[in-house]
Amino acid sequence: MEIPNNRHSLTKIIATLGPASGDEATIAALIRTGVSVFRINFSHGKQAEFARMLDLVRQVADQLGRPIGVLGDLSGPKVRVGEVEEGGVKLEKGQHVRFVKPTTRTTAQTPVTFSTTCPEVLDEIQPDEPILLDDGSVRLRCVSRAGEGEDTIVTAVVNVGGVVTSSKGMNLPKTNLTLPALTEYDQTCLEFAVEKGFDFVSLSFVRHAEDVRAIKQRLRELGARPQPAPPTSKGSPSAFASYGSQKFIPVVSKIEKPQAIDALEEIVFETDVVMVARGDLGVEMDLAQVPVIQKEIIAECNNQGKPVIVATQMLQSMIESPTATRAEVSDVANAILDGADAVMLSGETAVGKYPVEAVKTLREVGLYTHQKRREDPNLPWLPGKPRASKYRTAALARGVGVVLQELEAPLVACWSSYGGGASYLSQLRLPLPVVAFSADRAALRRMSIMFGVWPEWRELPDQTTDFIRETDGFLLEKGWVEKGDPIVVVLGVPIGRPGLTNDLRIHYVGDDVDTAPYHEA
């Protein structure tokens, strides 16, 4: 397989598995085309099917020699209307309807009365707050709330009518809901994800930083996260920094609620990765706000050094069409230019007719966008900076950025035992790939989500000169460099000690590392 700057975009591609892509041949084709991480949506299917897809990804990735991450996407609480008579009930503008706690079958009989899958939310809806049904296609406004306990009745007036059928979603964007982000079903899925060794888990319905702290604590109880390090004067280390051989499952926080925007800075600080979940965000907030909010979320993640994924309807038309629309490819390019670490496909690869073509489209847009950003003075490459920290690795990463301003190197090579060094280098948003070597396969899969990082497995070398010599041979064999090319090498001395990245040097490919001058940067 060719290196990212030849065949794969520096911006990573995440693909959702489903009926259209859950077979060995399609998974292999998706990886070859550019997928770095697969998403398994726990909202659809059973654990046996999730386990089958995970095992299949592991099998195919091993055959192709690629460390591919797998993300388990927790459902979160789903507020829906209850059962509705066959064919649905048509609501007209100005009509009054009721929501009640007891389970009831909704009919067209006046007054139209709905039950809900989460009856406790009726205690929290206030007059004048909006009630959105079916992804906002039917819009109501709360007029009153009466009664207590099981007798609670919420009356609402229809502002935008339409047909409502069974189990349609119910969004309450202005209501201060106290539902827990982790449902009982999520708890069982989380235990399953830990047992099966998923590489990431995503948390839905995030409103406050406490939601993130709660899932991190549960993961610690399940043995899938280390205890938090005590605060030090050195600042905060990378979320992927040296956790040694301990199990570590990063948390992806999905930003899809208005309350999360209000608490964005603290949520980003607490989480490991952020996902801009534009589907629910576009229902819960004015659509006109979503593009600007997306940019604000990406900027905050870049500022704090946290990977950020842009998701939902990136190439929605390709569910049915073999080509994307002009608006869609512009959307993808703008997400890349804004600084997204990854872009994600949902229905396009899960149920779409053209899953491989959709991934190829993302890859081609990414390749061209990054190429033009390197070449076009009107699109200057604005290098990022590692999160403010006094850790050696962060300081060395900043040094790499300075060196590369003067050096026409094709790539950076680093030894990153558990992903900390690769994470800091990724935060630089370099216009060239970072080839990150490690002997820890789980750590390599976690690196699969990092911007610009190309993870490669390697047995731990005995010493630094062995690593550089072996890296020379590997890069030349792959055809990624030519003799005489300068590369920047980042590692720790002695090599392989977690948390110790203290050496940055310039190496010219083909030089004898035992006799060549030592070009210390």
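Residues numbered from 1 in each chain as written. Predicted model: local features only at pLDDT ≥ 70, side-chain atom pairs only at ≥ 80, totals over all residues. Heavy atoms only, no water.

Turning our eyes to something else, we now look at the overall build of the chain. When helices and strands are tallied, the chain shows 16 helices and 22 strands. Long-range pairs, those at least 24 residues apart, make up 68% of the contacts in the chain between residues at least 6 apart in sequence. Of the accessible surface of the chain, which amounts to about 21,800 Å², a share of 49% is contributed by carbon and sulfur atoms. (Helix = DSSP H or I, 4+ residues; strand = E, 2+ residues; numbered from the N terminus. Contact = heavy atoms within 4.5 Å. Areas by Shrake-Rupley, 256 points an atom, 1.4 Å probe, with all protein chains shown as cover.)

Along the chain, the position of Ser-75 falls in the loop between strand S3 (69-73) and strand S4 (89-91). With relative accessibility at 7%, the residue Ser-75 sits in the buried group. The residues touching Ser-75, leaving out its near neighbours within four places in the chain, are Phe-42, Ser-43, Tyr-185, Asp-186 and Ser-204. (Buried < 20%, exposed > 50% of the residue type's maximum accessible area, 1.4 Å probe, protein only.)

Further remarks concern the packing of helix H3 (residues 47-64) against helix H4 (residues 184-196). Following both chains from N to C, one finds H3 and H4 inclined at 30°, their axes separated by 11 Å at the closest point. Considered as vectors, H3 and H4 are oriented roughly parallel to each other. Considering only the axes of H3 and H4, their crossing is right-handed. Taken together, the residues of H4 that come into contact with H3 (itself represented by Gln-47, Phe-50, Ala-51 and Leu-54) are Tyr-185, Thr-188, Cys-189, Phe-192 and Lys-196. Here the residues of the contact of H3 with H4 are counted per class, giving six nonpolar, two polar and one charged. (Axes fitted to C-alpha atoms, helices over the stretch in contact; angles between N-to-C directions. Parallel < 35°, antiparallel > 145°, perpendicular 65-115°, else oblique. Left-handed = near helix turned anticlockwise from the far one by under 90°. Nonpolar A, V, L, I, M, F, W, Y, C, P; charged D, E, K, R; others polar.)

Moving on, we come to the environment of Ser-137. Here Ser-137 is to be found in the loop between strand S7 (130-133) and strand S8 (138-146). Note: C-alpha distance between Ser-137 and Gly-161 (24 residues apart in sequence) is 7.9 Å. When neighbours within four sequence positions are excluded, Ser-137 is seen to be in contact with Val-160 and Gly-161.

Another aspect to go through is the pairing of strand S15 (residues 308-311). Neither face of S15 is left uncovered, since the one carrying Val-308 and Val-310 and the one carrying Ile-309 and Ala-311 both have all their residues buried. The sheet contact formed by strand S14 (residues 273-277) and S15 spans four bridges and is parallel. Residue pairing for S15: Met-275 is matched across the bridge by Ile-309. Pairing of S15 with strand S16 (residues 342-345) involves two bridges; the strand directions are parallel. (Pairing = 2+ DSSP bridges.)

This part is about the confidence of the model for the chain. Taken over all residues, the pLDDT of the chain has a mean of 89, while the share at 70 or more is 88%. Here residues 1-5 scores under 50 on pLDDT; set against residues more than four positions off or in separate chains, the count is 22 contacts. Here residues 232-237 scores under 50 on pLDDT; set against residues more than four positions off or in separate chains, the count is 14 contacts. (pLDDT = per-residue confidence, 0-100.)

Our focus in this paragraph is the environment of Arg-445. With respect to the element layout, Arg-445 can be found in helix H15 (residues 441-447). In sequence terms Arg-445 and Ile-68 are 377 residues apart; their C-alpha atoms lie 5.4 Å from each other.

With that out of the way, let us pick up the packing of helix H2 (residues 24-33) against H3. Across the interface, H2 lies against H3 with an axial gap of 10 Å and an inter-helix angle of 55°. Our classification of the angle between H2 and H3 gives oblique. Crossing hand, H2 versus H3: right-handed. Within the contact between the two elements, H2 uses Glu-24, Ile-27, Ala-28, Ile-31 and Arg-32 and H3 uses Leu-56, Val-57, Gln-59, Val-60, Ala-61, Gln-63 and Leu-64. Looking at the contact of H2 with H3, its residues break down into eight nonpolar, two polar and two charged.

The strands making up a sheet associate through backbone hydrogen bonding, with each pair oriented either parallel or antiparallel. Ordered in space as S1-S2-S3-S12-S13-S14-S15-S16, the eight strands form a closed barrel in which the pairing is parallel. Taken over all neighbouring pairs, the strand axes of this sheet differ in orientation by 25° on average, direction set aside. Across the face of the sheet, helix H9 (residues 290-304) comes into contact with strand S13 (251-255), S14 and S15 while running at roughly 160° to S15.

A word on the packing of aromatic side chains. Under the defined criterion, the tally for this structure stands at eleven aromatic pairs. A cation over a ring is seen here: Arg-66 above Trp-454, with NZ or CZ 4.0 Å from the ring centre. Against the face of Phe-451 rests Arg-429, its NZ or CZ located 5.0 Å from the ring centre. (Phe/Tyr/Trp six-rings, centres within 6.5 Å; stacked < 30°, edge-to-face > 60°. Lys NZ or Arg CZ within 6 Å of the ring centre and 35° of its normal.)

So, about the pattern of salt bridges. Considering all chains together, one arrives at 27 salt bridges under this definition. With a closest N to O distance of 2.8 Å, Arg-445 and Asp-199 form a salt bridge. With Arg-445 in helix H15 and Asp-199 in the loop between H4 and strand S12 (200-203), this residue pair connects regions lying 246 residues apart in the sequence. The two residues Arg-445 and Asp-199 agree in class, both being buried. Note that Glu-270 is salt-bridged to Arg-213, the shortest N-O span being 3.1 Å. Of the two residues, Glu-270 is situated in helix H7 (residues 264-270) and Arg-213 in helix H5 (residues 209-221); the sequence distance between them amounts to 57 residues. Each of Glu-210, Arg-213, Lys-216, Glu-266 and Glu-270 takes part in a single network of salt bridges with overlapping partners. (Salt bridge = Lys/Arg side-chain N within 4 Å of Asp/Glu carboxyl O.)

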